[in-house]
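# Architecture at a glance
Okay, here's what each chain looks like letter by letter:
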Amino acid sequence: MSELPIRDELRGVEPYGAPQLDVPVCLNVNENPFPPSEQLVADAARAVAHAVRDLNRYPDREATTLRERLAAYLERESGVTLETGEVWAANGSNEVMLQILQAFGGPGRTALSFAPTYSMYPEYARDTSTTWVTAQREDDFSIDPDAALKAIAEHQPTVVFVASPNNPTGTAVPLDLVSTLHEAGDGIVVVDEAYAEFRRDGVPSALSLLATHPRLIVTRTMSKAFAFAGARLGYAAASRQIVDVLRVVRLPYHLSAVTQAVAVVALEHAAELQARVAQLRDERDALAAWLREQGLEAAESDANFVLFGRFADRHAVWQGLLDHGVLIRETGPDGWLRVSVGTPEETTAFKVALTDVLKEQS
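For every chain, the first residue of its written sequence is number 1, and the numbers climb from 1 along that sequence. Per-residue local features are limited, in this predicted model, to residues with pLDDT of at least 70; the limit for side-chain atom pairs, both in listing and counting, is 80 or more; totals at the level of whole chains, interfaces and linings are taken over all residues. Note that the side-chain values use all heavy atoms of the structure and ignore hydrogens as well as water.

Attention shifts here to the nonpolar core. Remark: nonpolar core denotes a set of buried residues (Ala, Val, Leu, Ile, Met, Phe, Trp, Tyr, Cys) joined through side-chain atoms within 4.5 Å. Type-normalised accessible area, obtained with a 1.4 Å probe on protein chains alone, sets the label of each residue: buried when under 20%, exposed when over 50%, and partly exposed for intermediate values. In terms of nonpolar packing, the biggest core is built from 64 residues, with L66, F114, L181, M222 and F226 touching the most fellow members. Source of the domain bounds: an automatic or database domain assignment. Three or more residues apiece are contributed to this core by two domains, here domain 1 (8-30 + 276-361) and domain 2 (38-269). Residues count as neighbours in contact if any of their non-hydrogen atoms are within 4.5 Å of one another. When neighbours within four sequence positions are excluded, F114 is seen to be in contact with A135, R137, I143, A148, V160, F161, V162 and L181. Core analysis: the next-biggest nonpolar cluster, separate from the first, contains 25 residues, L287, L291, L296 and F308 among them.

What follows covers the domain arrangement of the chain. Under the domain assignment, the chain is made up of domain 1 (8-30 + 276-361) and domain 2 (38-269). For domain 1 versus domain 2, the separation of C-alpha centres amounts to 25 Å. Buried area, as used here, totals the accessible surface that two parts lose on assembly, with accessibility defined by a 1.4 Å probe and the loss added over both. Carbon and sulfur atoms supply 55% of the area that domain 1 and domain 2 bury against each other, a total of about 2,000 Å² over both sides. Any carboxyl oxygen of Asp or Glu that lies within 4 Å of a side-chain nitrogen of Lys or Arg is treated as forming a salt bridge with it. Applying the counting criterion to the domain 1 and domain 2 interface returns 3 salt bridges. Two residues, E300 and R200, come together in a salt bridge whose shortest N-O distance is 3.0 Å. Listed by contribution, the elements that provide at least two residues to the side of domain 1 that touches domain 2 are helix 9 (270-293), strand 10 (305-309) and strand 12 (336-340). The dominant element in the side of domain 1 that touches domain 2, judged by the number of residues it contributes, is helix 9, at 4 residues. Polar here means any residue outside two lists: the nonpolar Ala, Val, Leu, Ile, Met, Phe, Trp, Tyr, Cys and Pro, and the charged Asp, Glu, Lys and Arg; Gly therefore counts as polar. Grouping the amino acids of the side of domain 1 that touches domain 2 by side-chain chemistry returns 12 nonpolar, 5 polar and 7 charged. Secondary structure elements follow DSSP: runs of H or I no shorter than four residues count as helices, runs of E no shorter than two count as strands, and numbering proceeds from the N terminus.

Here it is in structure tokens:
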């Protein structure tokens, strides 16, 4: 690599990615542990077969049907009515984020977020030559409004990223803070709601602010709640003007016909999939309570994972769990680990392994 004419900021950089190891229990990448139902599989197979018959033609580059269905789903899920032109879709919310910075970031511009947060944000910034800065979250992982306003005044960001629920902490952000961030500058505010369907009762979605906040973008994904991580479908809700800007920077025909077809089928099964989400929410809350019973800290979570600690040597705990056949994520603040909510059997295996590891290291 050193002999190639690559950009200086890419030299020595390793590709992003959580460890992919062949172990009995994988609870490290916040996947939905429940596969699609047999009926969904059958319906998707039929849709794919239909799409394949026309693969000699380019797909609908506007993904109109899919965006219509996404708007309808968001209305059912959050009670917010959106037009098709106010919804955008791409290959995972990663591509949506990259498009946002292609459109509103770039050389001489700054993106701001609040650490600890999703580790891919600075990579989106790097890849678009956008300056990346962070302000620190509080000890309970909340965002102090005064500190946020100070950071905006200092850095004048054109894009502010707020993950809600936040990864890796699981922390949701109150809507009045989103409004404060929006009114504090003239840049774009992105609320990343990748885990929104897992939020607890009474925790609102930032979708409800779209009508009165013209520079707000709310992003979602089908990877988590829809158990569709392998399909790679993320989407955003925003004003028609913002969506039109994202359409300018998108690659031609960026969403394949097959991706569009299977995503539409998944949306038709939304009610079935949401039942699994409710089960995972219950599992999450029970897991957090169990961790606290073991004398550990567990951050309040509105996502499908729990950040827990604190450990003097978190890597030793991580390695100990791996030695017991359980893979979790070593991420977030020093001393903390993150575990995804799995099936009841996987959660039991994690509990047994952690109990053994803590005894071994005591």
